[in-house]
Amino acid sequence: MSRTEEFQALRPLLFSIAYRILGSVGEAEDAVQETWLRYESTDTEPRSVKAYLSTTVTRIAIDVLRSARVRREQYVGDWLPEPLLDDPYDDPERAAELADSVSMAALLLLERLSPLERAVFVLREVFDFGFPEVASAVGRSEQACRQLASRARRHMAAGRPRFEADREERAELASRFFDALREGDVDGLQGLLAADVSMVGDGGGKAPQLARAVVGASNVARLLGSVFPRMSRVEVTFAPHDLNGQPGAIFYDRDGRVLHTLTLDIVDGRVRTIRTVVNPDKLAHLGPVADAWAIDREIRSRRPAR
């Protein structure tokens, strides 16, 4: 195989590693591209191309994450990961770990880890790299990596819900949720929400948000039951679609441009968390992006006079 063919064969793995470390589609794609440029320019012939490329993309992602942490601390409002339509890497033997690790909830838990802890956790727990490979990738001893992995596992386990819905149950509940949303059925929505449900939006100061943070089944149901009927009057539509391996939907304006995404965390038979990403910078990889401010103005102009 040529270098190009070797790289392309491993590209899905490299992207999947970088995305889990960074939580950003654009930054992960840039890390993969930089990995290719370094591989293409080196005269070294690695004994293991997979190990070499995985090490390179991991180190690039760690460096990017360290600088990104500063920007995220200054971010306007709540920071959420960029929504991912499909994980390009597939390994049937690691299917459960791969699906779980790419969810919005898991990525937000990963945000609590240091860059090194995050990289070690991703390589070891998600992709099942051996500790010698992990140590080489992050430039630490095997013993240090074992300690980093142990701390990361404890942090991740402490933040996970105790009872998660299986895939069929999630799909059925999500279908009912989106049916109720289309109808503006407040009672129907409330019956699907956990009592302590929260709704969080990420506009990054660049788009109007549905809500920064709304808590409680009654409050969230009333908000959702009132917002979408108003949006539908200006021809906003949505299409259910799994995002980050979770039930979700992509919302579009009348011209088919992406307005925002919505994902559902379903735990113990109820919707526990609703996350919306409206920041246009985080939606461009999904297609042409709508002007959310213009749509917000149109919605407001159509409110009936009191």
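Structural data are supplied above this passage.
Thresholds, definitions, all that
Residues numbered from 1 in each chain as written. Predicted model: local features only at pLDDT ≥ 70, side-chain atom pairs only at ≥ 80, totals over all residues. Heavy atoms only, no water. Core = buried A, V, L, I, M, F, W, Y, C linked by side-chain atoms within 4.5 Å. Buried < 20%, exposed > 50% of the residue type's maximum accessible area, 1.4 Å probe, protein only. Helix = DSSP H or I, 4+ residues; strand = E, 2+ residues; numbered from the N terminus. Pairing = 2+ DSSP bridges. Axes fitted to C-alpha atoms, helices over the stretch in contact; angles between N-to-C directions. Contact = heavy atoms within 4.5 Å.

This next bit is on the nonpolar core. Of all hydrophobic cores here, the largest spans 49 residues; its most connected members are Ile-17, Tyr-19 and Phe-127. Among the elements of the structure, helix H1 (3-22), helix H2 (25-41), helix H3 (49-73), helix H5 (104-110), helix H6 (115-126), helix H7 (131-138) and helix H8 (142-159) are those that each provide at least two residues to this core. Broken down by element, this core gets its largest block of residues, 10 residues, from H1. Counting residues in hydrophobic clusters, the runner-up holds 37 residues, among them Phe-178, Leu-192, Phe-251 and Ala-290.

Turning next to the sheet that holds strand E1 (residues 193-202). Spatial strand order, E2-E1-E6-E5-E4-E3: six strands in an open sheet with mixed pairing. Where the open sheet ends on each side, the last strands, each with one partner, are strand E2 (213-215) and strand E3 (237-240). Here the strands of the sheet are splayed against their neighbours by 15 degrees on average, with no regard to which way each runs. Taken together, the four bridges between E3 and strand E4 (residues 248-252) define a ladder with antiparallel strand orientation. Residue pairing in the sheet places Thr-237 in a bridge with Tyr-252 of E4. Those strands touched by helix H9 (residues 167-183) are E1, E3, E4, strand E5 (258-267) and strand E6 (270-277), and its axis lies near 135 degrees from that of E5.

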